[in-house]
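Okay, here's what each chain looks like letter by letter:
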Amino acid sequence: MATHLSVTGFVVVALAIFFASAMQASIGFGMGMLAAPIVAIVDPGLIPATLIMLAVVVSVLVLVRDRTALDLSGAGWALAGRLPGSAVGAVLLVLLPERGLAILLALVVLSGVALTSFGWVPLPHRRNLVVAGAASGILGTATSIGGPPMALVWQRNTGAELRSTMSCFFLVGSLISLAVLAVAGAVDAHTATLFVFLAPATVLGFLLSRVVNRVLDRRRLRITAIGVSAAGALVLVAQQVLALM
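Small disclaimer: the values here were computed from a predicted structure and weren't measured.

> Describe the packing of aromatic side chains, listing the residues and the values that go with them.
Within the structure shown, the criterion is met by 3 aromatic pairs. Ring geometry for Phe-18 versus Phe-19: centroids 4.9 Å apart, planes at 65°, classification edge-to-face. Overall, Phe-19 belongs to the partly exposed group, its relative accessible area being 46%. Connected via pairs of aromatic rings, a cluster forms that spans Trp-154, Phe-169 and Phe-170.

> Could you give an account of the pattern of salt bridges, with specific residues and numbers?
Oppositely charged side chains can form a pair if their charged atoms are brought close together. As enumerated under the stated definition, the model contains 2 salt bridges in all. Among the ionic pairs, Asp-66 bridges to Arg-163, the shortest N-O distance being 3.0 Å. Here Asp-66 is found in the loop between helix H3 (49-65) and helix H4 (72-95), whereas its partner Arg-163 is found in helix H8 (residues 159-184), with 97 residues between them in sequence. The class of Asp-66 is buried, set by a relative accessible area of 8%.

> Break down a nonpolar patch on the surface for me, with residues and values.
Residues Val-7, Val-11, Leu-15 and Phe-19 make up a contiguous nonpolar surface patch of about 390 Å² in total accessible area. As for its placement among the helices and strands, Val-7 is situated in helix H1 (residues 7-27). With relative accessibility at 68%, the residue Val-7 sits in the exposed group.

> I'd like to hear about the environment of Trp-154, residue by residue, with values.
Tracing the backbone shows Trp-154 in the loop between helix H7 (147-153) and H8. Filtering out sequence-adjacent residues up to four positions away, Trp-154 remains in contact with Gly-74, Ala-75, Ala-78, Pro-124, Leu-129, Leu-162, Thr-165, Met-166 and Phe-169.

> Account for the nonpolar core, with residues named and values stated.
Among the nonpolar cores identified, the biggest contains 48 residues, and Ile-17, Val-39, Leu-51, Met-150, Trp-154 and Met-166 are the most heavily contacted of them. Here this core gets 9 residues from one element, more than from any other, and that element is H1. Core analysis: the second largest hydrophobic core is formed by 12 residues, Ala-49, Met-53, Val-56 and Leu-178 among them.

Cut-offs and rules
- Residues numbered from 1 in each chain as written.
- Predicted model: local features only at pLDDT ≥ 70, side-chain atom pairs only at ≥ 80, totals over all residues.
- Heavy atoms only, no water.
- Phe/Tyr/Trp six-rings, centres within 6.5 Å; stacked < 30°, edge-to-face > 60°.
- Buried < 20%, exposed > 50% of the residue type's maximum accessible area, 1.4 Å probe, protein only.
- Salt bridge = Lys/Arg side-chain N within 4 Å of Asp/Glu carboxyl O.
- Helix = DSSP H or I, 4+ residues; strand = E, 2+ residues; numbered from the N terminus.
- Patch = residues over 30% accessible without salt bridge, like charges linked within 9 Å, V, L, I, M, F, W, Y side chains within 5 Å.
- Areas by Shrake-Rupley, 256 points an atom, 1.4 Å probe, with all protein chains shown as cover.
- Contact = heavy atoms within 4.5 Å.
- Core = buried A, V, L, I, M, F, W, Y, C linked by side-chain atoms within 4.5 Å.

This is the structure we're talking about:
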């Protein structure tokens, strides 16, 4: 395996991707929130490019499955803000040192957890969709966590409509982010190789979501996702603090 990851490290990352993919395919977002803090601890080099590549796979699979419920207009307005946001995110990625990026990633996760937990509900009109799209572009390109802004603005949507609309946004938005990252030099052989090895975990996570959608309700899955994401972010912060001591 052409990577410096140990076998144990790879298994940990693959499991994080597996469960994160299942969660995103079930509730429409959360892959970055759940997986990024864990992946950043094991191999920061996979953030954000490899996770964004894997998010593309999940988005395609969900969009094909739930395509009939897609809100194309809403996704279009959100994407109008994504492109400039992605450019800003790429600049942050270049300027921030690895430790700074890790702390930013943890703060983004914790902020997303707080906002989604307290139930702030902005209306999904055009201005809010464009602003949320720009915020998602900045955060998604810099840290691979672009879900919280869109989850906030679309949280009144449920089921297939939420999953398909967010998947359409994330598919196009992730491709934009990858193009911007490639220009910035943040896509390399290591990130691409790990994408190939981790893609099966993503597909298996998607398949698991088909079972999860029938067994677990959205509220319980969302609470679980928030709890795991918060724990991962706190561990990441603790790791960076200890590294300074």
